[in-house]
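If you want the building blocks of each chain, they are given just below.
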Amino acid sequence: MTMPGQPAKQGARSLDPHLRRYAARTAGMTASEIRALFAVASRPEVVSLAGGMPHLAALPLESLSAEIGELVASEGLVALQYGSAHGVPLLREQICDVMALEGINGHPDDVVVTVGSQMGLDMVTRIFCDPGDVVIAEGPSYVGALGSFTAYQAQVVHVAMDADGLVPSLLREALESCKRAGQRVKFLYTIPNFHNPAGVTLAVSRRAEILEICRSYGVLVVEDNPYGLLGFDGQTYPALRSMDPDNVVYLGSFSKTFAAGLRVGWVLAPHAVREKLVLAAESATLCPPTLNQMIVSRYLATQDWKGQIKTYREAYRERRDAAISALEQHMPQGSTWNIPDGGFYVWVTVPEGIDTKAMLPRAVTARVAYASGTGFYADGFGSRQLRISYCYPTPERIREGVRRLANVIEEEMQLHATFGATPGRQLSGPQTPSPDTA
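Keep in mind that what you see is a predicted model, and the values were worked out from it rather than measured. (Residues numbered from 1 in each chain as written. Predicted model: local features only at pLDDT ≥ 70, side-chain atom pairs only at ≥ 80, totals over all residues. Heavy atoms only, no water.)

Asks: Pulling in residues and values, what's your account of the sheet that holds strand S5 (residues 165–166)?
Replies: Judged by pairing direction, the sheet is mixed, and its 8 strands sit side by side in the order S2-S9-S8-S7-S6-S3-S4-S5 without closing on themselves. Two strands close off the open sheet at either side, each with one partner strand: strand S2 (111–114) and S5. Pairing analysis gives 4 bridges linking strand S3 (residues 134–139) to strand S6 (residues 185–190), with the strands arranged parallel. Note that in S6 the partner of Val134 across the bridge is Val185. Packing of helix H6 (residues 168–180) onto the sheet brings it into contact with S3, strand S4 (155–162), S5 and S6, and relative to S4 it is tilted by some 160°. (Pairing = 2+ DSSP bridges. Helix = DSSP H or I, 4+ residues; strand = E, 2+ residues; numbered from the N terminus. Contact = heavy atoms within 4.5 Å. Axes fitted to C-alpha atoms, helices over the stretch in contact; angles between N-to-C directions.)

Asks: Break down the pairing of S6 for me, citing the residues and quoting the values.
Replies: Across the 6 residues that make up S6, a large majority, 6, are buried. Across 4 bridges, the pairing between S6 and strand S7 (residues 220–224) is parallel. Note that in S7 the partner of Tyr189 across the bridge is Val222. Once you follow S6 into helix H7 (residues 204–216) and on to S7, the crossover reads as right-handed. (Buried < 20%, exposed > 50% of the residue type's maximum accessible area, 1.4 Å probe, protein only. Right-handed = clockwise from strand over helix to strand, strands pointing away.)

Asks: Mind laying out empty space enclosed by the protein, listing which residues take part and the relevant values?
Replies: Inspection of the entire model under this criterion finds 2 cavities of 30 Å³ or more. Of the pockets and cavities examined, the largest cavity occupies roughly 150 Å³. Only helix H3 (89–100), strand S8 (248–253), helix H10 (290–302) and helix H11 (305–330) provide two or more residues apiece to the lining of the largest cavity. By residue number, the principal contributor to the lining of the largest cavity is S8, which donates 3 residues. Each residue belonging to the lining of the largest cavity can be placed in one class, and the counts come to 12 nonpolar, 5 polar and 1 charged. (1 Å grid on protein atoms, 1.4 Å probe; cavity = no way out; pocket = protein on both sides within 12 Å on 5 of 7 lines; lining within 4 Å. Points joined across faces, edges and corners; volume = space filled by probe spheres on them. Nonpolar A, V, L, I, M, F, W, Y, C, P; charged D, E, K, R; others polar.)

Asks: An account of the pattern of salt bridges is requested, with residue identities and associated values reported.
Replies: Within this structure, the stated rule accounts for 17 salt bridges. Asp130 is paired through a salt bridge with Arg184; the nearest N and O atoms lie 3.4 Å apart. With a gap of 54 residues between them, Asp130 in the loop between helix H4 (116–128) and S3 and Arg184 in the loop between H6 and S6 connect regions that are remote in the sequence. Among the residues examined, Arg184 registers a relative accessible area of 46% and is labelled partly exposed. Linking Asp321 and Arg320 is a salt bridge whose minimum nitrogen-to-oxygen distance equals 2.7 Å. Overall, Arg320 belongs to the buried group, its relative accessible area being 11%. Several salt bridges converge on common partners, so that one network encompasses Glu67, Glu70, Glu75 and Arg298. (Salt bridge = Lys/Arg side-chain N within 4 Å of Asp/Glu carboxyl O.)

Okay, structure coming up:
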């Protein structure tokens, strides 16, 4: 097969006439594993446990509709106009109030509003990573982050987690190994709270140690924290940014705590980094949508947004409980899973011999969808894992979806017992993000 940037062989034919024109970095871009199945998985008869979509039915839609209408009527000439790449000033002030709940003392000037935190991830990678640079990330890690790292030709080195999150001793070993190999590590990418996809939370006792390790090796920390306010007991954890403002770039988002469709996120960065991010934002989007930012700002100013987060937490806790009880009732022996204290996800390990990527089309045929584990690793691992998202379906649908999933796994086990292990396959790796794996 001819790779992007390479001339086609004499007489060779390609389905894509532009193949030779693509930049070399496009070679690592692959689609989400279930995107091809998404048209089927989104049918109402299929229980989708795949996508991390928030429970928008919990929002006060009538009140929001009135506020948005009044906003356009009274401030439409501003809301519908171009704005600054930096973001609406009032919203940046309000974002600092939101971050203060996790101990962050941020300044509005150091906040850059983005089109979702995915844009923030892309910009941070773009301004820091040259081809061949190394990014340290938990294993598994968020598929959208891995896609960005690969798009900029960075190498991903995974560090394992346990029930308390990223393991400091393994982080130190990974950094030392990269140092001996002469590799340039640009930053640690971490999701400390209610991890996507693993569902675990970094122990508070480990946070200062991890920051100290990164400082000692001259490595920046990129903290991605979209779920931090969604702890089921209402507890918030001290942000890494609150403990080391000069060496932590913080990514936040309103997608999980308000409305994903508005695509409003932000980056809080050290002052010098902030200026580079503004320039990167200008080159990418010119400016984020002013209307969307002003909707979020109006929501924060006029609605009980803290009460809304409490409503979300209660809804997600109920769904988490439904998922865990169904797993306990239906999953075959040899399966294991974590019990998350917040967020959207349960990380499941299936019995030995089952390949969750190979099983996925059969699961969709059985009217249940999930995200297979291999997409959350840069190195093809995760074939025995899968991610269940309990945030969107009703508790009843979750229980039915898990029952269907367990039946599919049992059928796979019977096939494995009869015919042996699944034949070898090409390892998958980082994928471009999409709503089905968000």
